[in-house]
Amino acid sequence: MPRVATRGTQETADARPLAAAAAAPGAGVRRLQNSDAKTSLFPALAARLAPRLLPLRRAPLVPRNQTAPCSTAASSGRSAHSQQDSLLLIQGDTMPFTLHLRSRLPTALRSLILQKKPNIRNTSSMAGELLGIKELSKPAYGDAVVCSPGEVPVFWPSPLTSLGALSSCETPLAFASIPGCTVMTDLKDTKAAAGCLTPERIPEVHHISQDPLHYSIASVSASQKIRELESVIGIDPGNRGIGRLLCKDELLKASLSLSHARSVLITTGFPTHFNHEPPEETDGPPGAVALAAFLQALEKEVAIIVDQRAWNLHQKIVEDAVEQGVLKTPIPILTYQGGSVEAAQAFLCKDGDPQTPRFDHLVAIERAGRAADGNYYNARKMNIKHLVDPIDDLFLAAKKIPGISSTGVGDGGNELGMGKVKEAVRRHIWHGDVIACDVEADFAVIAGVSNWGGYALACALYILYSCAVHSQYLRKAVGPSRAPGDQAWTQALPSVIKEEKMLGILVQQRVRSGVSGVVGMEVDGLPFHNTHAEMIQKLVDVTRAQV
């Protein structure tokens, strides 16, 4: 049995980083300056802070009422105790440094919680609401503070009310701090100390939304894996020059944004074969269905939106995909005819109210994109506008609705969402000055074949949900985590067998290969076996490695 004692925290080495930034109850509001670090009692922290300014404002305790799951070695229950949290307001651009510092704290002190709620413009009014903090303007102690533009609220549980929380859990044995003291033991936390500097525990911070301001985190290890996926799909088998379109970390940011989404709308369909029926190609639907299948496994709402003339085709594709085990359950197939900005907003939002969007994220995978002249072109510069519904309007409307993000997946620059790289398309892609899509997505995922981008998004989500750092962030450090590599997630990953079935379904519907026009087991003129099968297996191997 280890010896346990309490000791004042002002000189404990492990508490230095947190103590230097923490606010005492009733303290005034101020910003931590470099001079504070230089004169601090804690030289180790000062050495880290001195090279750069870490602007923050500190506020006293704010009340929280929340019933949260609790887990202990002896039992598990729920804490219904009214707790209090300390609040810091830090500048958004210092978030990576803040999380870098946090990753080096011992497990017992690694308790910062970053809070965000989508679809609300006023950060100061909503920060912490999901934690049960109703109003930052009514702190339990001290003066209220207002969250200024560019600042991000950071919370951590106050030890002042930890005893009450533990009591409400009715656990038979627990150790907790009391005001002015902390729990000390003669057993070293060697496991945490050895592991806190590994790539699996060090977080990376990424800015994924400006309105509302939203950052997400993932471990260095998970981020590196997703970057590897981005590199794998970025090859150019058609020699179209797509390497000039690549933007670093677009796959990572898109997948981080999708991981926070509650409801996702996917669109696909490129009617390049305008003289045939159906005019669609085999690139697009497989990637869309693969992503939808994984979103289903994550228990997110998902729907697919297509051209009205192609509704029967896609409905049949989904039905066959369910029958053959590619999908677990059917996916709703929607259409949109457009007409006005108001119509797009009404489609995206409940009762047309931009404060209550129906979808958090829009994804386009090999979807015909509107060019600068208002037309839609295939790679051969043929106008196919008569076959395309104005789904682009939804992406344009989403730009003006806080809380909706968008991703475009393409392989030639004329796909919906590729407006983000349109200047590169015009300079480096054949006919790019005419065919370049003018409609921009928040994230542009470039792949040698667009289906590969859909597969990679599914794989990236698997990596993120298997990442302890990201999982804890999603759960706001509350409740148990699911085991890495959850069986439902593994089964939902793309596989050679499932994608071969999916392509076979398209062949049965007489859907043609995009480049050759062949009705057969190929996509963009590339055979499924050897080319696409090898790509799918490589993506899965990267995803499952050491998880």
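Residues numbered from 1 in each chain as written. Predicted model: local features only at pLDDT ≥ 70, side-chain atom pairs only at ≥ 80, totals over all residues. Heavy atoms only, no water.

The next thing to look at is the confidence of the model for the protein. As a note on interpretation, predicted positions should not be read in detail where pLDDT is low. Residues of the protein with pLDDT of at least 70 account for 64%, and the chain-wide mean is 78. Ignoring residues within four places in sequence, the model shows residues 64-81, a span with pLDDT below 50, making 47 contacts including any to other chains. (pLDDT = per-residue confidence, 0-100. Contact = heavy atoms within 4.5 Å.)

The side chains of a regular strand alternate, first on one face of the sheet and then on the other. Counting buried positions along strand β15 (residues 405-410) gives 6 out of 6 residues, so the element sits mostly inside the fold. With burial as the criterion, each face of β15 is covered, one bearing Ser 405, Thr 407 and Val 409 and the other bearing Ser 406, Gly 408 and Gly 410. Here 5 bridges tie strand β14 (residues 361-367) to β15, and the two strands are oriented parallel to one another. Bridge assignment links Ala 364 to a residue of β15, and that residue is Gly 408. For the segment spanning β14, helix α13 (residues 392-398) and β15, crossover handedness is right-handed. (Buried < 20%, exposed > 50% of the residue type's maximum accessible area, 1.4 Å probe, protein only. Helix = DSSP H or I, 4+ residues; strand = E, 2+ residues; numbered from the N terminus. Pairing = 2+ DSSP bridges. Right-handed = clockwise from strand over helix to strand, strands pointing away.)

Right, let's get into the side chain of Glu 522. Along the polypeptide, Glu 522 turns up in strand β17 (residues 522-523). No salt bridge is formed by the buried Glu 522. Its closest oppositely charged neighbour is Arg 512, at 9.7 Å. A polar side-chain atom of Glu 522 sits 3.0 Å from a polar atom in the side chain of Ser 513. Discounting residues that sit within four places of it in the chain, Glu 522 has contacts with Thr 282, Leu 503, Ser 513, Ser 516, Pro 527 and Phe 528. (Lys, Arg positive; Asp, Glu negative; His and termini not counted. Salt bridge = Lys/Arg side-chain N within 4 Å of Asp/Glu carboxyl O. Polar contact = N/O pair within 3.5 Å; in protein donor to acceptor, adjacent residues only side chain to side chain.)

To continue, consider the side chain of Asp 307. Of note, Asp 307 is situated in the loop between β12 (301-306) and α11 (311-323). Within the local environment of Asp 307, its side chain forms a polar contact with the backbone nitrogen of Asp 389, the two atoms lying 2.8 Å apart. Ignoring any residue separated from it by four or fewer positions in sequence, one finds Asp 307 in contact with Glu 280, Thr 335, Arg 367, Leu 387, Val 388, Asp 389 and Ile 391.

Take the nonpolar core next. Residues Ile 266 and Phe 294 are the most contacted members of the largest nonpolar core, which totals 78 residues. Per-element tally for this core: the top contributor is helix α16 (residues 450-465), with 12 residues. Aside from chain neighbours lying at most four places away, what touches Phe 294 is Ala 458, Leu 461, Tyr 462, Trp 489, Ala 492 and Leu 493. Of all hydrophobic cores here, the second largest spans 34 residues; its members include Ala 303, Tyr 377, Ile 435 and Cys 437. (Core = buried A, V, L, I, M, F, W, Y, C linked by side-chain atoms within 4.5 Å.)

This part takes up helix α8 (residues 220-233). With 14 residues, α8 ought to run about 20 Å at 1.5 Å a step, and its terminal C-alpha atoms sit 20 Å apart, in line with that. Counting buried positions along α8 yields 10 of 14 residues, so the element is predominantly enclosed. In this fold, the buried residues of α8 make contact with β9 (203-210), β10 (213-219), α9 (250-260), β16 (443-446), α16 and α20 (528-544). (Expected span 1.5 Å × (residues − 1).)

Another aspect to go through is the pattern of salt bridges. Considering all chains together, one arrives at 16 salt bridges under this definition. Linking Asp 307 and Arg 309 is a salt bridge whose minimum nitrogen-to-oxygen distance equals 3.4 Å. Since its relative accessible area comes to 1%, Asp 307 is described here as buried. Here Arg 309 falls in the partly exposed class, since its relative accessible area comes to 35%. Of the charged contacts, one joins Arg 426 and Asp 438 as a salt bridge, the two residues approaching to 3.6 Å between their closest N and O atoms. With Arg 426 in helix α14 (residues 422-428) and Asp 438 in the loop between α15 (432-435) and β16, this pair connects stretches of sequence that are 12 residues apart. A network of salt bridges, in which partner residues are shared, links Glu 280, Asp 307, Arg 309 and Arg 367.

Okay, the packing of α16 against α20 next. Running from N to C, α16 and α20 cross one another at 15°; their axes reach a closest spacing of 9 Å. Taken together, α16 and α20 sit at an angle that is classed as roughly parallel. Like other packed secondary-structure pairs, α16 and α20 cross with a definite hand, here right-handed. In this structure, α16 uses Trp 452, Tyr 455, Ala 456, Cys 459, Tyr 462 and Ile 463 to contact α20, whose residues at the interface are Thr 531, His 532, Met 535, Ile 536, Leu 539, Thr 543 and Arg 544. Among the residues making up the contact of α16 with α20, the classes are represented as 9 nonpolar, 3 polar and 1 charged. (Axes fitted to C-alpha atoms, helices over the stretch in contact; angles between N-to-C directions. Parallel < 35°, antiparallel > 145°, perpendicular 65-115°, else oblique. Left-handed = near helix turned anticlockwise from the far one by under 90°. Nonpolar A, V, L, I, M, F, W, Y, C, P; charged D, E, K, R; others polar.)

Of the two faces of β16, both are covered, the one formed by Phe 443 and Val 445 as well as the one formed by Ala 444 and Ile 446. Here β15 runs beside β16; their pairing, made up of 4 bridges, is parallel. Looking at the pairing, Thr 407 lines up with Phe 443 of β16.

With that settled, the discussion passes to the sheet that holds strand β13 (residues 333-335). In space, the 6 strands of this open sheet follow the order β13-β12-β11-β14-β15-β16, with parallel pairing throughout. Bordering the open sheet on either side are β13 and β16, each of which pairs with just one other strand. Across the sheet, the mean angle separating the axes of adjacent strands is 25° when strand polarity is ignored. Relative to β13, β12 is paired through 3 bridges, and the arrangement is parallel. Counterpart to Ile 305 in the pairing with β13 is Leu 334. Against the sheet, α9 contacts β11 (263-269), β14, β15 and β16, and its axis sits at roughly 125° relative to β16. Lying over the sheet, helix α10 (residues 285-297) contacts β11, β12 and β14, oriented at roughly 165° with respect to β11.

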